[in-house]
Amino acid sequence: MTKPRFLAEKIAAPADRPGEQQIDYSIPADDEVKTTTCYMCACRCGIKVHLKNGQIRYIEGNRDHPVNKGVLCAKGSAGIMTQYSPARLTKPLKRIGERGAGEFVEIEWDEALALATERLKNIRAADPKRLAFFTGRDQSQALTGWWASKFGTPNFAAHGGFCSVNMAAAGLYSLGGAFWEFGEPDWERTKYFLMFGVAEDHDSNPIKIGLGQLKGRPADNRAKFVSVNPIRTGYSAIADEWVGIKPGTDGLFVLSLIHELLRRDKIDLDFLVRYTNAPWLLVNAPGTEEHGLVYRNQEGDPLCLDRQTGHFVDALRPGVRPHLMGPINLPDGRPARTVLDLLVSRYLDAEYAPDKAAPRIGIPAETIRRIAAELAEVAFEQTIEIKTSWIDWAGRQHESFIGRPVSMHAMRGVSAHSNGFQTCRAIHVLQMLLGSVDCPGGWRYKPPFPRVPGSGPTPSPMVGPDQPLAGMPLGFPQGPKDLLVDAHGRPQRIDKAYSWEAPLALHGLMHMVIHNAWKGDPYPIDTLFLYMANMAWNSSMNTAGTMDMLKDKDPKTGEYKIPYVIYSDAYYSETVAFADLILPDTTYLERWDCISLLDRPISHADAAGDAIRQPVLKPDRDVRAFQDVLLELGTRLRLPGMVAEDGGALYPGGLHDYILKHERKPGIGMLSGFRGDGSDHGRGKPNPDQIQRYIANGCFHEMEIPEAARFHRYGNLGYLQWATAHGLIDSPDPMVLQLYSEPLRRFQLAGEGFGPKQPPNDADRQRLAAFADPLPVWYPPFGEAEPADGYPLHALTQRPMHMYHSWGTHNVWLRQLQARNPLFVHHETAAEMGLVDGDWVWIESAHGRVKAEVKLMDGVHAGTVWTWNAIGKRKGAWNLTPQAPEAKSGFLLNHVISELLPPRADGYRYTNSDPVTGQAAWFDLKIRLRKCTPGEAGATEPSFTSQPQRGPAPEPTVRYGAGMKKGAAE
């Protein structure tokens, strides 16, 4: 096989052949090449941007970059048309008409910043929590969260509550890491890959590269790939086995696998004793305030019973042979049992047996038994070994790493259900029982993880007027004492995160911000400050209702119920029309960005990595990078950490200076590479030449983990010392993986009526007692409460791999791939209803209805319909014409999803969310289909009035690069 070639290489012209057309190969492709980091999705691939005369000629992948290794997808290549999109905003805007009408006047930046500063200054002086600052899928949360803390508002969060907080919280409280951005399968060595609910947009290039490795292996080194997903598209379509389950039953499937493994005694007992809390003792005294809590000594150390001595000793003491199964009595006479004993008794219950579980999951019981047997066979009979000497946390020498080559991965398909948190935890318990965590062939951490499970600062309440928070707005509660509720149990955040309704809302509840602000529950706000969050369209449930809330006025005063909206975006999205002040952002190719180890870095399992974006082009519009604007506002507001002693800007160069100078703690800055004199990595003083060193290195940096420190990092002394020295963790203490979550038990105890801080009503108590279980539990998604005969079908969305959220549908090249989306229906379901390809149907839920065209397929669970998400657009938005197919044939399921659950007995309505984390339960949706009459077919509804178009009139045919041809005018 010949060596692959790349566009950036200088390739010699082939020799001329007689009679062949002469081709001029001397046309220079570019006069400059700049490296940076892609932002067409969240994978953070490295790219090379080729420029000529200051314009982009093409974008290619950076072969040296650790994320994509030169691979570039359709989104990344199409970044040219995102840069030159006619939907770009061009100047600050101030609303002059009614909110929602899209009527603005252009203003100068001085006026825009003055308006924002005046508003924010008054809020901070009176009541900082009256500012709700929420950002979308940006990658600068280390900055935006820090800014919110200095302003003094607890009302900050980002996109994670929409998307993945169930996955993140479950992993962080169980393993000290999580799927996707915090970990990855060992693609090189795994022999069995089990994937849950992953659509085509997530992981994108990294997972495609990994799956390519799996599928391309020689016959003597095959790996089986099993995909658990109601829909067989994308990654699932190339799986060796597709398990098409009923939506929301992943957790029951996993717990049934666990039942089979326990029944057959196929668990890694040595791993569980050495690295998890399996031998820890739990007080077993029902009806008391310590029932289910870990039995500890006076120093707070967890205890176990040493079988050799008969003494109760520190469970972390090396060499202990702990009691594991059966009841025991504590020295004070109370009964106790181990975590493992409780786990085994729960999951051996007949409720989880395949014959009982399979009908609810929608697959044969034999499938569960077979997959459990395959997992056990690979984990325990096909172990692999890496001959590398290493030392564990207790000082014990090991001559090799032993791997149980089963790996797993999960994403939004699991996370976006109201039972998603416990489902994600169940997957992690399965990994621990197999011993396949951070071992050769298993699932592996990506730095800066692992961290002590569930550890970190707790969320900070507001201190007072003109005061910063004592810490960060987001954090890790350890129990009821850390909730942000007042003396009466009322939430203290506008989204009700860290309340009794959502105690582990690590990423906030962004989907509830507008509703709660409109309702004034738990209090009214003054200003809603949004960045890159299309809340008036695809980033909200109940889209029509959300738009009405943004426009609604108090009939007594005539003022808007949400008094003021500041919005920053680079493009003319649907949300722009509902803002009072628009601060136009740059594109990702026009600004500095920091992809930091303090946020979402570019690490992989063998190295810690971070990256930057550099301005490849200068803006040709009157726009400013949002991060620069945020720091400018901080200076004008004189926020701590943003102003020097003389009152001037501490970071006059905006984010560029912040990246160079800011330290989160001594020696730890936004970037880990080239610190101090350029030779320090991880820890070190700020280096004024740091950014230039990154640019010279391709805009990224890596710190390779020593070979002896790459596995079992929670208990690998070499890794713990290396990570401490490089600033990833604070101390080299071992990290115990948590089969059983004591913080959850503390919340559950409060629901049972124990402790000084308890929920204020019976409904909240019952929710905590039922759902905050310290061992994973499965319950039907809340959407199942819809009457089966009224709304019998599940409805899901997936994002296509050539789109990401709503970012791509204004991109001319990506629009050519897809500008409309049908509703996909199983052939059998369609036949029962008399539907054929091309029919139009009403999709009706208990909340509303939307109209779409039908497309039949087999690769979907028969009781499930689905569509591509974020294709449908409002007329006139994104500078699309009112006749654009996205507005006529594209549709959103969001229109039929409510942000609230049906009312409880007293009329109160909980959010349509996971009851532990507040994760939006997008995928709990139940619907019915009604065939359209001939007069109803042909265009989607609901259809909203067209937003006034902004920018140049759309061209019917768009051509790019004509002026770059040889001989064209320079």
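S.K.: Just give me the short version of the overall build of the chain, but keep the residues and values in it.
M.R.: The helix and strand tally for the chain stands at 25 helices and 36 strands. Across its three principal directions, the C-alpha atoms of the chain cover 90 × 80 × 75 Å. Contacts in the chain between residues at least 24 apart in sequence constitute 70% of all its contacts with a sequence separation of at least 6. A total of about 34900 Å² of accessible surface is found on the chain, and carbon and sulfur atoms cover 51% of it. The centroid of the 107 positive side-chain charges in the chain is displaced by 2 Å from the centroid of its 112 negative side-chain charges.

S.K.: Please set out the nonpolar core residue by residue, giving values where relevant.
M.R.: Among the nonpolar cores identified, the biggest contains 279 residues, and Trp-147, Phe-253, Leu-528, Ile-843 and Leu-929 are the most heavily contacted of them. Residues within four places of Phe-253 in sequence aside, it is in contact with Phe-196, Val-228, Ile-361, Ile-363, Ile-368 and Ile-371. The next biggest cluster of nonpolar side chains, apart from the first, holds nine residues, and it includes Leu-281, Val-283, Leu-303 and Leu-330.

S.K.: Residue-level account of the sheet that holds strand β30 (residues 700-704), with values.
M.R.: Across a sheet, strands are paired by hydrogen bonds formed along the backbone, either parallel or antiparallel in direction. Here we have three strands laid out as an open sheet, ordered β26-β27-β30, and antiparallel in their pairing. In the strand order of this sheet, the two ends are held by β26 (593-595) and β30, each with one partner. Averaged over neighbouring strand pairs, the angle between their axes works out to 10° when direction is ignored. Bridge count for β26 against strand β27 (residues 607-613) is three bridges, and the pairing is antiparallel. Directly across from Asp-593, in β27, lies its bridge partner Arg-613.

S.K.: Account for the pairing of strand β16 (residues 335-338), naming residues and giving values.
M.R.: Only one face of β16 is buried, namely the one carrying Ala-336 and Thr-338, since none of Pro-335 and Arg-337 on the opposite face is buried. In terms of strand pairing, strand β12 (residues 281-283) meets β16 through three bridges, oriented antiparallel. Pairing of Val-283 across the sheet is with Ala-336, part of β16. Where strand β15 (residues 328-329) meets β16, two bridges bridge the pair, whose relative direction is antiparallel.

S.K.: Go over the sheet that holds strand β21 (residues 406-410), please, and point to the residues and values.
M.R.: Read from one edge of the open sheet, four strands run β11-β10-β9-β21, paired in parallel fashion. If you trace the sheet from one side to the other, it starts and ends with β11 (241-243) and β21, each paired once. With strand direction ignored, the average angle separating the axes of adjacent strands in the sheet is 15°. Summarising the sheet, strand β9 (residues 192-196) and β21 pair through five bridges and their orientation is parallel. Among the inter-strand pairings, Tyr-192 is bridged to a residue of β21, identified as Val-406. Packing against the sheet, helix α12 (residues 365-381) makes contact with β9, β10 (224-228), β11 and β21, and its axis sits at approximately 135° to β9.

S.K.: Break down the environment of Arg-217 for me, with residues and values.
M.R.: Relative to the helices and strands, Arg-217 is located in the loop between α7 (204-215) and β10. Apart from the residues within four sequence positions on either side, Arg-217 is in contact with Trp-187, Glu-188, Arg-189, Thr-190, Arg-222 and Ala-223. One polar contact links the side chain of Arg-217 to the main-chain carbonyl oxygen of Thr-190, over a distance of 2.6 Å. Only 3.5 Å separates the side chain of Arg-217 from the backbone oxygen of Asn-221, close enough to count as a polar contact.

S.K.: For the confidence of the model for the chain, give the residues involved together with the corresponding values.
M.R.: Detailed reading of the predicted coordinates is not advisable wherever pLDDT is low. Confidence in the prediction for the chain averages 94 pLDDT; 97% of positions are at 70 or higher. Low pLDDT, under 50, characterises residues 1-8; the stretch is placed with 11 contacts to residues that sit more than four places away or in other chains.

S.K.: How would you summarise the environment of Trp-807 if you had to cite specific residues and measurements?
M.R.: Among the structural elements, Trp-807 can be located in the loop between β31 (793-798) and α23 (812-817). Measuring from C-alpha to C-alpha, the distance between Trp-807 and Met-40 comes to 7.4 Å, with 767 residues separating the pair along the chain. Those residues within four positions of Trp-807 in sequence are excluded, and the remaining contacts are Tyr-39, Met-40, Cys-41, Arg-137 and Met-532.

S.K.: Explain the packing of aromatic side chains to me, and be specific about the residues and the numbers.
M.R.: Throughout the structure, instances matching the rule amount to 36 aromatic pairs. Chaining the aromatic ring pairs together yields one cluster made of Phe-133, Trp-147, Phe-151, Phe-156, Phe-529, Tyr-531 and Phe-626. The ring of Tyr-560 carries Arg-99 above its face, with NZ or CZ at 4.2 Å from the centroid. In this arrangement the basic side chain of Lys-129 is found over the ring face of Tyr-523, its NZ or CZ atom lying 5.0 Å from the centre.

S.K.: Any chance you could break down the pattern of salt bridges for me, citing the residues and the numbers?
M.R.: Here the structure, examined in full by the defined rule, presents 65 salt bridges. Of the charged contacts in the structure, one is a salt bridge between Arg-493 and Asp-495, with a shortest N-O distance of 2.9 Å. Each member of the pair Arg-493 and Asp-495 is classed as buried. Salt bridges sharing partners connect three or more residues here, namely Arg-88, Glu-590, Asp-620 and Arg-621.

S.K.: Describe helix α11 (residues 354-361), listing the residues and the values that go with them.
M.R.: Every buried residue belonging to α11 is among Pro-354, Ala-357, Ala-358 and Ile-361, and all of these are buried. Along the long axis of α11, the arc covered by the buried residues comes to 110°, so they all point the same way. Facing away from the buried side of α11, by more than 90 degrees, are the exposed residues Asp-355 and Pro-359. Contact partners of the buried residues in α11: α8 (250-263) and α12. Just downstream of α11, Gly-362 is the residue with a positive phi angle, here 90°.

S.K.: Quick one: what's the story with unusual backbone geometry, residue by residue and with numbers?
M.R.: Geometrically, the link from Pro-447 to Pro-448 is a cis peptide bond, its omega value of 15° lying close to zero. Examined against the element boundaries, Pro-448 turns out to sit in the loop between β22 (443-445) and α15 (513-519). Asp-521 connects to Pro-522 through a cis peptide bond whose omega is 15°. As for its position among the elements, Pro-522 is in the loop between α15 and β23 (527-531). Its identity as a non-glycine residue notwithstanding, Asn-879 has a phi of 60°, on the positive side. As for its placement among the helices and strands, Asn-879 is situated in the loop between β35 (864-868) and α25 (885-888). For Asn-879, a relative accessible area of 2% puts it in the buried group.

S.K.: Just give me the short version of the packing of α8 against α11, but keep the residues and values in it.
M.R.: Where α8 contacts α11, the two axes come as close as 10 Å, and the packing angle between them is 165°. Relative to α11, the element α8 lies roughly antiparallel. The hand of the α8/α11 crossing is left-handed. Between α8, through Leu-252, Phe-253, Ser-256, His-259 and Glu-260, and α11, the contact on the second element is made entirely by Pro-354, Ala-357, Arg-360 and Ile-361. Grouping the constituent residues of the contact of α8 with α11 by class yields five nonpolar, two polar and two charged.

Cut-off values and rules
- Residues numbered from 1 in each chain as written.
- Predicted model: local features only at pLDDT ≥ 70, side-chain atom pairs only at ≥ 80, totals over all residues.
- Heavy atoms only, no water.
- Helix = DSSP H or I, 4+ residues; strand = E, 2+ residues; numbered from the N terminus.
- Contact = heavy atoms within 4.5 Å.
- Areas by Shrake-Rupley, 256 points an atom, 1.4 Å probe, with all protein chains shown as cover.
- Lys, Arg positive; Asp, Glu negative; His and termini not counted.
- Charge placed at Lys NZ, Arg CZ, Asp CG, Glu CD.
- Core = buried A, V, L, I, M, F, W, Y, C linked by side-chain atoms within 4.5 Å.
- Buried < 20%, exposed > 50% of the residue type's maximum accessible area, 1.4 Å probe, protein only.
- Pairing = 2+ DSSP bridges.
- Axes fitted to C-alpha atoms, helices over the stretch in contact; angles between N-to-C directions.
- Polar contact = N/O pair within 3.5 Å; in protein donor to acceptor, adjacent residues only side chain to side chain.
- pLDDT = per-residue confidence, 0-100.
- Phe/Tyr/Trp six-rings, centres within 6.5 Å; stacked < 30°, edge-to-face > 60°.
- Lys NZ or Arg CZ within 6 Å of the ring centre and 35° of its normal.
- Salt bridge = Lys/Arg side-chain N within 4 Å of Asp/Glu carboxyl O.
- Arc of directions from axis to C-beta.
- Parallel < 35°, antiparallel > 145°, perpendicular 65-115°, else oblique.
- Left-handed = near helix turned anticlockwise from the far one by under 90°.
- Nonpolar A, V, L, I, M, F, W, Y, C, P; charged D, E, K, R; others polar.

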